[in-house]
Amino acid sequence: MGACAAKLRSGKPSYAAWSTIANPVVVEAIAQHGFDVIVLDGQHGHHTRESMFQCIAAAALYDIPTLPRIGVGNFADASQLCDAGACGIIAPMINTVEDARTFASFIKFPPQGERSWGPNRAITLSGLDRDSYFKAANGFTLSIAMIETREALTIAEDILSVPGIDGFLIGPSDLSISLLDGARIDTVHPDVDAALTHVLAIARRLGKIAATFAPNAARAAELAARGYDIVTAGTDQSYLSLGIAAELGGAKQMAAQPGAKSGY
Ligand code: 3PY
Ligand code: MG
């Protein structure tokens, strides 16, 4: 867990998988492909607290850290998922300084926050003893606040300055809906792009982690090159679609070439 936080703060881009299918077998399949971290989506994905507990363990088998995304305002889940061994938590719709303070308080132990003691599995996964975990946990259990409304963007510096907030993740879909006053979803609209640059600059100044969502490899590469610390590259549903298209397309192509051998 300490290694996860260090990696995400290293200044080198980390590629995140985005898991929506609430099944540890799928997470194990994803974990074999070299992602740095796996987001478990409990806001719009199908994950429940139970499935996240299982998937944190499934990813840990491959030494891959996990960042669960909780539902809006489900801060109590945030503490419990840290107890279960998550490397940190992504909280959607952090729109006020008060939201940010409350979120951080559930992630950090006193005196910084109010996280209640009980990290049963996190201690085992961290390899630390009780006292060392208690001493170090506030430094490596990450609170990532989602900035995805006009309101949040306006006070991004204040949100990121809240003690105990470790970084931000821009949700480009919701942000575009908000910035375009509900007219449409346009994740590459110039205003969204300007927001990506603006909040990244604030994070660099304050020494916070910068993360965002990219729906595909090309956008992920672009955002990594711009200096983002964590970029997603698609979701498990897109990985499935790409794999299916490649297999089915490949089969049809082979079938059109009589005599081609599979080698199987
Ligand atoms: C958004 O784009 O709004 C997200 O929450 C990330 O997918
Ligand atoms: Mg969103």
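As the structure is a computational prediction, the values presented were derived from the model and not from experiment. (Residues numbered from 1 in each chain as written. Chains lettered and ligands numbered in written order. Predicted model: local features only at pLDDT ≥ 70, side-chain atom pairs only at ≥ 80, totals over all residues. Heavy atoms only, no water.)

Draft legend 1. Broad picture of the state of the cysteines. Enumeration over the complete set of coordinates arrives at one disulfide. Here C4 connects covalently by a disulfide to C87, the sulfurs 2.0 Å from one another. Judged by the torsion about the S-S bond (-75°), the C4/C87 disulfide is left-handed. Taken together, the residues C4 in helix α1 (residues 2-8) and C87 in the loop between α4 (75-83) and β4 (88-91) connect sequence positions 83 residues apart. Taken as a pair, C4 and C87 share a single burial class, namely buried. Take C55: it sits in no disulfide, and the sulfur closest to it among the cysteines is that of C87, at 16 Å. This cysteine, C82, is not joined by any disulfide, and C87 carries the nearest cysteine sulfur, 9.0 Å off. (Disulfide = S-S within 2.5 Å. Helix = DSSP H or I, 4+ residues; strand = E, 2+ residues; numbered from the N terminus. Buried < 20%, exposed > 50% of the residue type's maximum accessible area, 1.4 Å probe, protein only.)

Draft legend 2. Representation of the site of ligand 1. Contacts to ligand 1 come from R69, M146, E148, G171, P172, S173, D174 and F213. Note that an oxygen atom of ligand 1 is positioned 3.2 Å from one of the side-chain N or O atoms of E148. Interatomic distance of 3.1 Å between a backbone N/O atom of P172 and an oxygen atom of ligand 1. Within the complex, the protein chains bury 91% of what would otherwise be the 230 Å² of accessible surface of ligand 1. Of the residues forming the shell around ligand 1, the biggest block, three residues, is contributed by helix α10 (residues 172-179). (Near = heavy atom within 4 Å. Polar contact = N/O pair within 3.5 Å; in protein donor to acceptor, adjacent residues only side chain to side chain. Areas by Shrake-Rupley, 256 points an atom, 1.4 Å probe, with all protein chains shown as cover.)

Draft legend 3. Structural view of the coordination of the magnesium ion (ligand 2). Listed as protein donors to the magnesium ion (ligand 2) are E148 (OE) and D174 (OD); their distances from the metal cover 2.1 to 2.2 Å. Here D174 lies in helix α10 and E148 lies in the loop between β5 (142-147) and α8 (150-154), a separation of 26 residues in the sequence. (Donors = N, O, S within 2.8 Å, 3.2 Å for Na, K, Ca; no water.)

Draft legend 4. Fine view of the side chain of R115. Residue placement: R115 occurs in the loop between α5 (97-107) and α6 (120-126). Residue R115 is classed as buried on the basis of its relative accessible area, which comes to 3%. A polar atom in the side chain of R115 sits 2.8 Å from the side chain of D83. Excluding residues that lie within four positions of it along the chain, R115 makes contacts with S79, C82, D83, S105, F106, I107, K108, F109, P110, Y133 and T141. (Contact = heavy atoms within 4.5 Å.)

Draft legend 5. A look at the pattern of salt bridges. Scanning all chains against the criterion turns up 15 salt bridges. Between R115 and D83 there is a salt bridge; the shortest N-O distance is 2.8 Å. One end of the pair, R115, is in the loop between α5 and α6; the other, D83, is in helix α4, and 32 residues separate them in sequence. Take D83: its relative accessible area is 13%, and that puts it in the buried class. In this structure, the salt-bridge partner of R219 is E222, at a minimum N-O distance of 2.6 Å. Here E222 and R219 lie together in helix α12 (residues 217-225), a separation of three residues that amounts to about one turn. Its relative accessible area of 10% is what places R219 among the buried residues. (Salt bridge = Lys/Arg side-chain N within 4 Å of Asp/Glu carboxyl O.)

Draft legend 6. How the structure looks around the packing of α4 against α5. Two elements in contact, α4 and α5, have axes separated by 8 Å at closest approach and are oriented at 30°. As summarised for this structure, α4 and α5 are arranged roughly parallel, according to the angle between their axes. The handedness of the crossing between α4 and α5 comes out as right-handed. Between α4 and α5, the contacting residues are F75, A76, A78, S79 and C82 on the first element and D99, T102, F103, F106 and I107 on the second. Within the contact of α4 with α5, the residues separate by chemical class into seven nonpolar, two polar and one charged. (Axes fitted to C-alpha atoms, helices over the stretch in contact; angles between N-to-C directions. Parallel < 35°, antiparallel > 145°, perpendicular 65-115°, else oblique. Left-handed = near helix turned anticlockwise from the far one by under 90°. Nonpolar A, V, L, I, M, F, W, Y, C, P; charged D, E, K, R; others polar.)

Draft legend 7. Focus on a nonpolar patch on the surface. On the surface, a cluster of nonpolar side chains totalling about 290 Å² of accessible area is made up of L240, I244 and L248. Its location among the elements puts L240 in helix α13 (residues 236-255). (Patch = residues over 30% accessible without salt bridge, like charges linked within 9 Å, V, L, I, M, F, W, Y side chains within 5 Å.)

Draft legend 8. How the structure looks around the packing of aromatic side chains. In the structure shown here, the tally under the stated rule is eleven aromatic pairs. Ring centres of W117 and Y133 lie 6.3 Å apart, and the angle between their planes is 65°; on these two criteria the pair is classed as edge-to-face. Of this pair, W117 sits in the loop between α5 and α6 while Y133 sits in helix α7 (residues 130-140), and the two are 16 residues apart along the sequence. We classify Y133 as buried; its relative accessible area is 0%. Taking 5.6 Å as the distance between ring centres and 85° as the angle between the ring planes, the aromatic pair formed by W117 and F134 counts as edge-to-face. Of this pair, W117 sits in the loop between α5 and α6 while F134 sits in helix α7, and the two are 17 residues apart along the sequence. Assessed through its relative accessible area of 40%, F134 is described here as partly exposed. Ring-pair connections join several aromatic residues into one group, and the members of that group are F109, W117, Y133, F134 and F140. (Phe/Tyr/Trp six-rings, centres within 6.5 Å; stacked < 30°, edge-to-face > 60°.)

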